[in-house]
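Structural overview for review
One-letter residues, chain by chain:
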Amino acid sequence: MLEEFIVQAKSATYVGGGNESATPTRKGSHDLGYQSGDWHYLDSYFGGTDFIGQEVVWHEGTAVWAMSYYGRILRPDMIDGATAGMVIQRSLSTLYREGRFLGGFTHPVENLVYVDTNEGEFRSFTGIERIYRGHVETYRLDYHGGIIKP
């Protein structure tokens, strides 16, 4: 159920154009939340073209899973934040329709290519999300996460 909820929550928030919370949980953060029954998800990040954040899932009020990430534009002469965001949203939307968020994925969008590589599975994982223009890496996001145990 946890992995299914993670995909559902990710689909409904950033990728699905979910509404940002009017009151951030931390000063200056951008927060996107989702809830279904006893499950709650929050994606909280700082920044814009270069950003850092964390996603957390709670079940019955207890944090059970989290993922931290740091993303940045590597070649502002070749890609801007809006274009990177569009590529990421289109690519992840396609990935989530497959019912997963890990497992390696490549997706062309116009003249760019989105590539996600990772190791592990939702219980413990690391990965890198990249956008290429030709053979040039223009954007990169590093992430890692997994199950939280008391």
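Structure: above.
Here goes a summary of the coordinates provided. (Residues numbered from 1 in each chain as written. Predicted model: local features only at pLDDT ≥ 70, side-chain atom pairs only at ≥ 80, totals over all residues. Heavy atoms only, no water.)

1. Points about the environment of Gly33
Applied cut-off: Under the scheme used here, helices are H or I runs from DSSP no shorter than 4 residues and strands are E runs no shorter than 2 residues, and both carry numbers assigned from the N terminus. For every residue, the accessible area (1.4 Å probe, protein chains only) is compared with the maximum for its type, and the residue is labelled buried under 20%, exposed over 50%, or partly exposed between those bounds. Any two residues whose heavy atoms approach within 4.5 Å at even a single point are treated as in contact.
Here Gly33 shows up in strand β1 (residues 30–36). Gly33 sits in the partly exposed class, given a relative accessible area of 44%. For Gly33 and Asn118, which are 85 residues apart along the polypeptide, the C-alpha to C-alpha distance reads 25 Å. The residues touching Gly33, leaving out its near neighbours within four places in the chain, are Thr13, Tyr41 and Leu42.

2. Focus on the pairing of strand β2 (residues 39–47)
Using the following cut-off: DSSP calls a pair of strands paired once it identifies at least 2 bridges connecting them.
With 7 bridges joining them, β1 and β2 adopt antiparallel strand pairing. Each residue of the ladder has a partner; that of Tyr34, found in β2, is Tyr41. Hairpin connection of β1 to β2: 2 residues between the antiparallel strands, including Gly37 at a positive phi of 60°. In this sheet, strand β3 (residues 51–59) lies alongside β2 in antiparallel orientation, the contact comprising 9 bridges. Counted as the bridge partner of His40 is Trp58 from β3. In sequence, β2 turns back onto β3 through a hairpin of 3 residues.

3. Things to note about the pattern of salt bridges
Cut-off, in case you're wondering: Note on definitions: salt bridges are taken to be side-chain nitrogens of Lys or Arg within 4 Å of carboxyl oxygens of Asp or Glu.
One pass over the structure, following the stated rule, counts 8 salt bridges. Glu55 serves as the salt-bridge partner of Lys10, at 2.7 Å between the closest nitrogen and oxygen. Taken together, the residues span a long stretch of sequence, with Lys10 in helix α1 (residues 2–12) and Glu55 in strand β3 at a distance of 45 residues. Between Asp142 and Arg140 there is a salt bridge, with the nearest N and O atoms lying 2.9 Å from each other. Overall, the relative accessible area of 21% leaves Arg140 in the partly exposed class. Each of Arg72, Arg140 and Asp142 takes part in a single network of salt bridges with overlapping partners.

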